[in-house]
Amino acid sequence: MATITAARPAARLVPKDFVFEWEGKDRNGKLVRGETRAGGEAQVQTTLRRQGIMTTKIKRRRMRSGKRIKSKDLTLFTRQFSTMMKAGVPLLQAFDIVGRGHSNPSMARMINDIRTDVETGTSLASAFRKYPLHFNNLYCNLVEAGEAAGILEEILDRLAIYMEKTESMKRQVKSALMYPTAVIIVAFVVVAVIMIFVIPAFKQVFTSFGANLPAPTLMVMNMSEFVVQWWWAIAIVLFGGTFFFFQSWKRSEKMQVFMDRLLLKLPIFGDLVEKSVIARWTRTLSTMFAAGVPLVEALDSVGGASGNWVYKVATQKVQQDVSTGTSLANSMANVNLFPNMVVQMTTIGEESGALDRMLGKAADFYEEEVDKMVAGLSSLMEPIIIVFLGVIIGGLVVAMYLPIFKLGQVV
């Protein structure tokens, strides 16, 4: 199934693609099963027929909430499987132990299917390749290299460490963005309640004053009238716009490119995103190179694993230069995206024959930088958000109390 992903790298961006589960027989008559993403059953049949698999059953899978296999499920599986293998547990028994102990039924079923394939003589890497939605090229290539070199336990341990660090990095970046996002949402709800319910009550009181209202109060009351009258249109625009924005970000390649560029240019947060991308880039290349994957081949997976289109394109340029004989450090320097420290450490690694170790140290450094930035942003955002809430909500309250201060003049 890896050939499907490699042949159509943009398939996941097409809205008409679906996930299909299939069963069939290979050239040796063995029963095989797997899943793939395609536009329809005919496309699945054609692709599998080219691989020598005659399908007997194809079913479109319906994704159900709560049962989707997430990246943390794969990380847990890799860590548990690595522990079993390092403890000397036989391969099939390790699958049994990990599969029975998994809390996600979908994950347990997939583990059992992989175990069945391995039991019938399929290599572990080939069994994983039947599930490209969950086991990407990086994962499968490392497992294949581990099987070929007889160091599968070590490779699985490296994979587990890599995935755990990647998950930790994602959580840190999300936590840095979650706090201001949550506060903005709460502030919007509070302002909406004040506009719709509180200010109209004040308006009824102010009409009996018989005095001219201050300009801030009139402005807030006019805004309240507009919100009360058009709240449904505002809700449609906000929620509909947010929905379509995230859908286009998820499905449109042009939107993804735009957002990846924009995220790198954001003040404060752009630096955080850049350091997290560099940390993933160096960690991925270090892991693959240490597993014995050739450098040019390893760079195929590194760009996608970085999680940013700008660095993905830069990695393709680096790969082209390396394939023509240019050193990795010079190729990285030519794209003008990598910090000087990373380039220098790469140069030292190439000269000393310890490229994987030097890239690993660079990844450690930037992961620590991300940790520090997340902690610093959390401390910095608190006073900024307090001021933000004070200006917005406090301004509304003051505007509505200004006429009360004039009540004495009227009396």
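Residues numbered from 1 in each chain as written. Predicted model: local features only at pLDDT ≥ 70, side-chain atom pairs only at ≥ 80, totals over all residues. Heavy atoms only, no water.

A. Layout of the overall build of the protein chain. Scanning the protein chain from terminus to terminus reveals 17 helices and three strands. Over its C-alpha atoms the protein chain spans a radius of gyration of 28 Å, topping by over 25% the 22 Å that the globule rule assigns to 411 residues. Projected onto its principal axes, the C-alpha positions of the protein chain cover 95 × 55 × 40 Å. Relative to its 411 residues, the protein chain shows a buried fraction of 41%. Intrachain contacts of the protein chain at a sequence separation of at least 6 include 63% that bridge at least 24 residues. Accessible area of the protein chain: about 22200 Å², with a carbon and sulfur share of 61%. Within the protein chain, the 35 negative side-chain charges are centred at a point lying 8 Å from the centre of the 47 positive side-chain charges. (Helix = DSSP H or I, 4+ residues; strand = E, 2+ residues; numbered from the N terminus. Rg over C-alpha atoms; globule rule 2.2 N^0.38 Å. Buried < 20%, exposed > 50% of the residue type's maximum accessible area, 1.4 Å probe, protein only. Contact = heavy atoms within 4.5 Å. Areas by Shrake-Rupley, 256 points an atom, 1.4 Å probe, with all protein chains shown as cover. Lys, Arg positive; Asp, Glu negative; His and termini not counted. Charge placed at Lys NZ, Arg CZ, Asp CG, Glu CD.)

B. Representation of the environment of glutamine 80. Locating glutamine 80 in the fold gives a position in helix H3 (residues 71–86). Judged by relative accessible area, glutamine 80 falls into the partly exposed class, the value being 26%. As a C-alpha pair, glutamine 80 and proline 214 span 134 residues in sequence and 67 Å in three-dimensional space.

C. Geometry of the environment of glutamine 229. With respect to the secondary-structure elements, glutamine 229 resides in helix H9 (residues 215–251). Sequence-wise, glutamine 229 and isoleucine 196 are 33 residues apart; in three dimensions their C-alpha atoms are separated by 9.3 Å.

D. Region of interest: unusual backbone geometry. Positioned with a positive phi, asparagine 336 is a non-glycine residue whose angle comes to about 55°. Take asparagine 336: it is sitting in the loop between helix H14 (328–334) and helix H15 (340–352). Overall, the relative accessible area of 66% leaves asparagine 336 in the exposed class.

E. Region of the structure containing the packing of aromatic side chains. Taken as a whole and assessed by the stated rule, the structure comprises 13 aromatic pairs. With 6.4 Å between their ring centres and 25° between their planes, phenylalanine 77 and phenylalanine 95 make a pair best called stacked. Pair noted here: phenylalanine 77 is in helix H3 and phenylalanine 95 is in helix H4 (residues 91–100), with a separation of 18 residues, a long-range link. The two residues phenylalanine 77 and phenylalanine 95 agree in class, both being buried. Between phenylalanine 365 and tyrosine 366, the aromatic rings sit 5.1 Å apart at their centres with planes inclined by 90°, giving edge-to-face as the arrangement. Residue tyrosine 366 is classed as buried on the basis of its relative accessible area, which comes to 6%. Taken together through their ring pairs, the aromatic side chains of Phe77, Phe81, Phe95, Phe128, Phe135 and Tyr139 make up a single cluster. (Phe/Tyr/Trp six-rings, centres within 6.5 Å; stacked < 30°, edge-to-face > 60°.)

F. Structural detail: H9. Taking 1.5 Å per residue as the helical rise, H9 with its 37 residues ought to reach 54 Å, whereas the 46 Å between its terminal C-alpha atoms falls clearly short. Turning to H9, its buried residues are Thr217, Val220, Met221, Ser224 and Val227. (Expected span 1.5 Å × (residues − 1).)

G. Spotlight on the packing of helix H7 (residues 137–149) against helix H12 (residues 295–305). For the pair H7 and H12, interaxial distance at closest approach is 9 Å and the crossing angle is 145°. For the element pair H7 and H12, the recorded crossing hand is left-handed. The segment H7 lies against H12, with Asn137, Leu138 and Asn141 engaging Glu297, Ser301 and Ala305. Of the residues contributing to the contact of H7 with H12, the split by class is two nonpolar, three polar and one charged. (Axes fitted to C-alpha atoms, helices over the stretch in contact; angles between N-to-C directions. Left-handed = near helix turned anticlockwise from the far one by under 90°. Nonpolar A, V, L, I, M, F, W, Y, C, P; charged D, E, K, R; others polar.)

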